[in-house]
Amino acid sequence: MPESAPRAPESTPRRRSRASAGLPPITADKIVDAAVDLTAEHGLDGWSIRQIATRLDVWPGVVAHHVGDREAVVMAVTDRIVGRIPVPGADVGWRDWFRQLMFEGRDVLKRYPGVARRLVVVGPNVPSALATIDAGIKVLQVAGFGGQATEIYRYLLNSAFMLVAVEDDRGSFFPSARADMGRTMAAFAQDPDRPGLAAAGAQALARSQDAAEQDLAFFRLTVERSLDGAEALLKR
């Protein structure tokens, strides 16, 4: 029998183009949208480029082509989220201006775990933060802080958003930490030899708020005392 002709090597199946599949084209905005959604679900450190590609049904290289590497996507996500924090009006007194910014900032950042930590550790080095920084420092300058305005701005925002970062990390990595601490302190509630621990223990026993209420109450305390500290500098 004659030898059969050699078979041609099988080619790797090619993915159909999005246009031929009736799908809309991929854009940088759509990639960032997907990354923002993943951040809300898993935190800023909880997703990969491959997960973004899978969600959009594209190759990972498409993400790199339109936006860049993971750090570039993280920057774009941070920029998008910071841009959602409302900037108070210039007609608001400086204490109310920062109180409003910090509380509304907390509301936004709590929906996207990990972004607050990045803002505190790396800094708000994204375009959407520029208007807030400019307006906030200007409010402090008008209030009379002069050359200290920039440092006071950093002090106030870092004090507030560091707490949000701690809340994020506690919820993600140490979910039982607060309950464990409460039980530890409560054991000292009746200790006559250590009045400081006894006071902490009594408070732990009396605390009836759930974790979210405790976080909000401590955030409010921190914001008000930070503003008091800044005002003391202004008066001095």
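Owing to the predicted nature of the structure, the values given are computational and were not obtained by experimental measurement. (Residues numbered from 1 in each chain as written. Predicted model: local features only at pLDDT ≥ 70, side-chain atom pairs only at ≥ 80, totals over all residues. Heavy atoms only, no water.)

Examining the overall build of the protein
Phase 1: The helix and strand tally for the protein stands at 11 helices and zero strands.
Phase 2: When the helices and strands of the protein are read in sequence order from the N terminus, they spell out α-α-α-α-α-α-α-α-α-α-α.
Phase 3: Within the protein, the proportion of its 236 residues that are buried is 34%.
Phase 4: Within the protein, contacts between residues at least 6 apart in sequence are counted, and of these 69% link residues at least 24 apart.
Phase 5: With the model as given, the accessible surface of the protein reaches about 14,100 Å², and the carbon-plus-sulfur share is 57%. (Helix = DSSP H or I, 4+ residues; strand = E, 2+ residues; numbered from the N terminus. Buried < 20%, exposed > 50% of the residue type's maximum accessible area, 1.4 Å probe, protein only. Contact = heavy atoms within 4.5 Å. Areas by Shrake-Rupley, 256 points an atom, 1.4 Å probe, with all protein chains shown as cover.)

Side note on unusual backbone geometry
Among all residues save glycine, negative phi is the norm, and among peptide bonds the norm is trans.
Phase 1: You will see that Asp57, though not glycine, has its phi angle at about 60 degrees, which is positive.
Phase 2: Checked against the element boundaries, Asp57 lands in the loop between helix H2 (49–56) and helix H3 (60–66).

Focus: the packing of aromatic side chains
Geometry of an aromatic ring pair is reported as the spacing of the ring centres plus the angle between the planes.
Phase 1: Counting across every chain of the model gives four aromatic pairs.
Phase 2: Considering the side-chain rings of Phe98 and Tyr153, the 5.8 Å spacing of their centres and the 70 degrees angle between planes classify their relative orientation as edge-to-face. Of this pair, Phe98 sits in helix H5 (residues 94–109) while Tyr153 sits in helix H8 (residues 149–173), and the two are 55 residues apart along the sequence. Here the two residues Phe98 and Tyr153 agree in accessibility, since each one is buried.
Phase 3: Each residue in the set Trp97, Phe98 and Tyr153 is aromatic and connected to the rest through ring pairs, giving one cluster.
Phase 4: Directly above the ring of Trp47 sits Arg70, whose terminal nitrogen or CZ lies 4.1 Å from the centroid.
Phase 5: The ring of Phe219 is capped by Arg106, whose NZ or CZ atom sits 5.2 Å from the centre of that ring. (Phe/Tyr/Trp six-rings, centres within 6.5 Å; stacked < 30°, edge-to-face > 60°. Lys NZ or Arg CZ within 6 Å of the ring centre and 35° of its normal.)

Some thoughts on the packing of helix H1 (residues 28–42) against helix H4 (residues 70–82)
Phase 1: At a minimum axis distance of 9 Å, the contact between H1 and H4 shows a crossing angle of 80 degrees. With respect to H4, the element H1 is oriented roughly perpendicular. For the pair H1 and H4, contact is made by Asp29, Val32, Asp33, Ala35, Val36 and Thr39 and by Val73, Ala76, Val77, Arg80 and Ile81, respectively.
Phase 2: Counted by class, the contact of H1 with H4 contains seven nonpolar, one polar and three charged residues. (Axes fitted to C-alpha atoms, helices over the stretch in contact; angles between N-to-C directions. Parallel < 35°, antiparallel > 145°, perpendicular 65-115°, else oblique. Nonpolar A, V, L, I, M, F, W, Y, C, P; charged D, E, K, R; others polar.)

Here's the deal with the layout of surface pockets
Phase 1: Of the voids in this model, the second largest pocket is the one considered here, and its volume is about 330 Å³.
Phase 2: Looking at the second largest pocket, it is lined by 17 residues, and the ones nearest its centre are Leu119, Pro124, Tyr153, Leu157 and Phe161.
Phase 3: Counting only elements with at least two residues in the lining of the second largest pocket, the list comes to helix H6 (115–121), helix H7 (130–143) and H8.
Phase 4: Among the elements that make up the lining of the second largest pocket, the one with the highest residue count is H8 (five residues).
Phase 5: Split into classes, the residues belonging to the lining of the second largest pocket amount to 13 nonpolar, three polar and one charged. (1 Å grid on protein atoms, 1.4 Å probe; cavity = no way out; pocket = protein on both sides within 12 Å on 5 of 7 lines; lining within 4 Å. Points joined across faces, edges and corners; volume = space filled by probe spheres on them.)

Details of helix H10 (residues 195–206)
Phase 1: Here H10 contains 12 residues, and its C-alpha end-to-end distance of 16 Å stays within 8% of the 16 Å for a straight helix at 1.5 Å per residue.
Phase 2: For H10, the complete set of buried residues consists of Ala198, Gly201 and Ala204. Axial view of H10: buried residues confined to an arc of 120 degrees, hence all on one face. Relative to its buried face, H10 has exposed residues pointing more than 90 degrees away, namely Pro195, Gly196 and Ala206. (Expected span 1.5 Å × (residues − 1). Arc of directions from axis to C-beta.)

Side note on the environment of Leu140
Phase 1: As for its placement among the helices and strands, Leu140 is situated in helix H7.
Phase 2: When its relative accessible area of 0% is taken as the criterion, Leu140 is described as buried.
Phase 3: Leu140 sits 43 residues away from Trp97 along the chain, and the two C-alpha atoms are 9.6 Å apart.

Considering the confidence of the model for the protein
Atom-level detail of predicted coordinates should not be read off regions where pLDDT is low.
Phase 1: The predicted model of the protein has a mean per-residue pLDDT of 88, with 86% of residues at 70 or higher.
Phase 2: Here residues 8–14 is a poorly scored stretch, pLDDT under 50, and it has zero contacts once near neighbours within four places are set aside; other chains count. (pLDDT = per-residue confidence, 0-100.)

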